[in-house]
Each structure stands twice: as structure tokens, then as C-alpha cells.
Amino acid sequence: MGSRTVSLGIPVPRRTDPAAPSLPDTSDRPASRALIDPFGRAATDLRVSLTDFCNLRCTYCMPESGMAFLKKDQLLGVDEIVRLVRIATEQFGVDQVRFTGGEPLTRADLPEIVAGVAALERRPEISLTTNAIGLEVRAAGLRAAGLDRINVSLDSVVSETFERLTRRPLLHRVLEGIEGARAAGLAPIKINAVLLPGINDHELPDLLAWCLERDLQLRVIEQMPLDADGIWERSSMITAARMREILAERYVLSPAPVERAGAPAELFDVADRASNEHLGRVGTIASVTEPFCGDCRRTRLTAEGRVRTCLFSHEETDLRGALRGGASDDEIADIWRAAHWGKAAGHGMGAAGFSRPERPMSAIGG
Ligand code: SAM
Ligand code: SF4
């Protein structure tokens, strides 16, 4: 483990106040309504964190204890979230919105948020990333409210491993949630898995078999340095190339004939090694070893209403103050645009001088 000191509580990144001189110089920004950056990318994919709170404590995301969570009045409310999404769809052409966190299902008003966004004139595709705890009772309501797609995070289907990774003995709750989503007609269901060396990497072929048997689409994600405990190490992390080697012990993988179009996942057709029968697909997401920053179309909002142009930003731009201070849609959109004009070319993981963001993943919004 590195010698980095980890601050608990809510680590607060340097804040870019719209009134402060540290906002990027936008004098050379072309007059465009799009959310563009100086590298020619336009953001049309919005991730909205709804809370920094979670009922699990995944080791690669949160510390075991010591987190101080945002208070209710610090979180954006339903109307504020829907307004920001509306501005993003109307002004920037955002056409995809994903709700995340922390754990978004811990917000009781999630169906209202989804319904508000689904009622927008320029309705975006609406998706949710969740640990699925409690989904069995929420799924039908969320689907009725307008939820289109769902990703469930599940790193292991072995109870002991699940508890080691999440620090909670709640695998059965996640499995109930997945079945509840299926029963509610949410399809396809994608499963996100992060592999940690020596903990669940050897289970990968079994996890894929489990997903294929249930028509769940597995996406295996490289662990990024966004944990609160500083456990990430570049030298021992499981790379996408290693994931494919592990899977090749049981399956034949061949690149799927699909247009990637900026999607982070590289998809593979999966066939049984013995019979050659086609069984389905698997995706690998090589955020660290094969970064897709050049194709990035993302903009992010934290749960307290700050723009982040990248998971790895050290700066955030507050929109909540403008929202609550009576700013117009155009004024808010312009603060957001100015933030994106300061977006970095790439996350720089692996480059000399890379430094991790101050907040863990749960407080940024994954
Ligand atoms: N609680 C929800 C969940 O777990 O799906 C949503 C929030 S979580 C932060 C979103 C995604 O980020 C999850 O799929 C999780 O596996 C992933 N994630 C968290 N920490 C990560 C890390 N250090 N590296 C890669 N992915 C990570
Ligand atoms: Fe919670 Fe999701 Fe982070 Fe796990 S990955 S601690 S479920 S926010």
C-alpha cells in the first residue's frame, strides 16, 4: 500500500466558485450551446449522483467507517435535479441520464425523480446503477415511473467473498433485488463487477457462468484508484487483458461484431471451450489500461449539485448556489459550460504526477 494519507469525513475538493477567478479562462470558447471542451468533445451523457450514502461498504469504494454524509438540505431535491436535467437536455442535447451514488435506492423519492425526468419534453434515456438492495419492492414502481435501463453491481455470488468485498452479509438481498428487477420487466439487466486480486479474480469464470445462465449481461471493470483506503495498486490490479486470460481458461472469447461508438465496454462473444456453443456476451471495461478519454461524452453532477467534468477531477463547480440563488436557466447553463471548458484531456492515471481525487467513488458518483 502507498503512503498516501486518507482523510475521512467528506473530503472536499478545491471548489470552483463561479464568481471566483479560478474558473477556466473562457475567452476563447466558441459560441456554442453544446457542452464542449477544448479537445473537441461534446458531453451528451449525464451522470447524476443522488446521494453519497450507501448501505454497503465495498472496499474499493468506501472506508469501513468514518464517513460523514451530506445532510438532507445539502442534497439536491427532486425539483432541482429535474431542472438541471432539463437544462442539460434542452441546452446541451444531453440524451442519456444515469442515476447513481452512493446508493440511489436509499433515496425514497427516487421514483419522483425518475418520473420528473421521464416527463421532460426532450426525454433522455434514463438508467440506474445500483447495488439492488431493496429493488424487489421498488422495481415495478421505478419502471412505471419511466426507468429504462438498470446496472446492478455484483462482484461475487459466493457469500463469503461478497461479505469480504462489501463488508456486509447481504448477498441474498442483492439476488432478491435482481429477481425483482426481472419480474418487473426491467431488461436487459447488466451486472457490473470489479475484480480485486486474490479476492474474487479466481471466481470470474463462475460469475460469468452464473450470469449467462440467467441472461444477465456481465461487464467486468478494472479497479480504479477511487477507494477511500488507498488499497489500489497499479502493479497488482486485474487488467482487462488479465480478465480475458482468466475467462479463456473456460471459454472462447471473440470480439463481438458491434460498433463501439465511444462505449467504455469492449464486448466479446462467449462460446463454451468444449462444445463451441455460443453462450452470450461479456464486456470488459479497461478504464485504467486502455482509457477512452478521447471519446468521453460524460458530464457529472455530485449529490450536492456540483459539476465534475471527470471522475478524476480535482475541481468541482457549484450549481446549487446558482439554483437556490434564483439564477436563470441560461445563467446555470453557462456556468456548466465554463466548467467544461476546463475539462482535462484525460484522467492521467499511469502518468507521472497523477494524483487521486480527494473524494472516494461513493461521494463522486460512479
Ligand atoms: N451503489 C451503486 C452501485 O454500487 O452500483 C452505485 C454507485 S457505485 C459507486 C457505481 C459503480 O462504481 C459500481 O458499479 C461500482 O462497482 C463502481 N466502482 C466503485 N468503486 C470503484 C473503483 N474503485 N473502481 C472501479 N469501479 C468502481
Ligand atoms: Fe456502495 Fe456502490 Fe460504493 Fe459499493 S460500490 S460501497 S454499493 S456506492
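Some points on the site of ligand 1
Phase 1: Near ligand 1 you find 18 residues, and of these Tyr60, Gly102, Glu103, Ser153 and Met224 are the closest.
Phase 2: A distance of 3.0 Å separates a nitrogen atom of ligand 1 from a polar side-chain atom of glutamate 103.
Phase 3: The backbone of threonine 130 places a nitrogen or oxygen atom 3.3 Å from an oxygen atom of ligand 1.
Phase 4: Contact with the protein chains covers 95% of the free accessible surface of ligand 1, which is 540 Å².
Phase 5: Those elements that provide at least two residues to the shell around ligand 1 are strand S4 (125–130) and strand S6 (189–194).
Phase 6: Its residues placed into classes, the shell around ligand 1 shows six nonpolar, ten polar and two charged.

Comments concerning the packing of helix H6 (residues 204–213) against helix H7 (residues 240–248)
Phase 1: H7 packs onto H6 with a crossing angle of 75° between their chain directions and a minimal axis gap of 8 Å. With respect to H7, the element H6 is oriented roughly perpendicular. Across the interface between the two elements, Leu204, Pro205 and Leu208 from H6 touch Met243, Ile246 and Leu247 from H7.
Phase 2: Within the contact of H6 with H7, the residues separate by chemical class into six nonpolar, no polar and no charged.

How each quantity is defined
- Residues numbered from 1 in each chain as written.
- Chains lettered and ligands numbered in written order.
- Predicted model: local features only at pLDDT ≥ 70, side-chain atom pairs only at ≥ 80, totals over all residues.
- Heavy atoms only, no water.
- Near = heavy atom within 4 Å.
- Polar contact = N/O pair within 3.5 Å; in protein donor to acceptor, adjacent residues only side chain to side chain.
- Areas by Shrake-Rupley, 256 points an atom, 1.4 Å probe, with all protein chains shown as cover.
- Helix = DSSP H or I, 4+ residues; strand = E, 2+ residues; numbered from the N terminus.
- Nonpolar A, V, L, I, M, F, W, Y, C, P; charged D, E, K, R; others polar.
- Axes fitted to C-alpha atoms, helices over the stretch in contact; angles between N-to-C directions.
- Parallel < 35°, antiparallel > 145°, perpendicular 65-115°, else oblique.
- Contact = heavy atoms within 4.5 Å.

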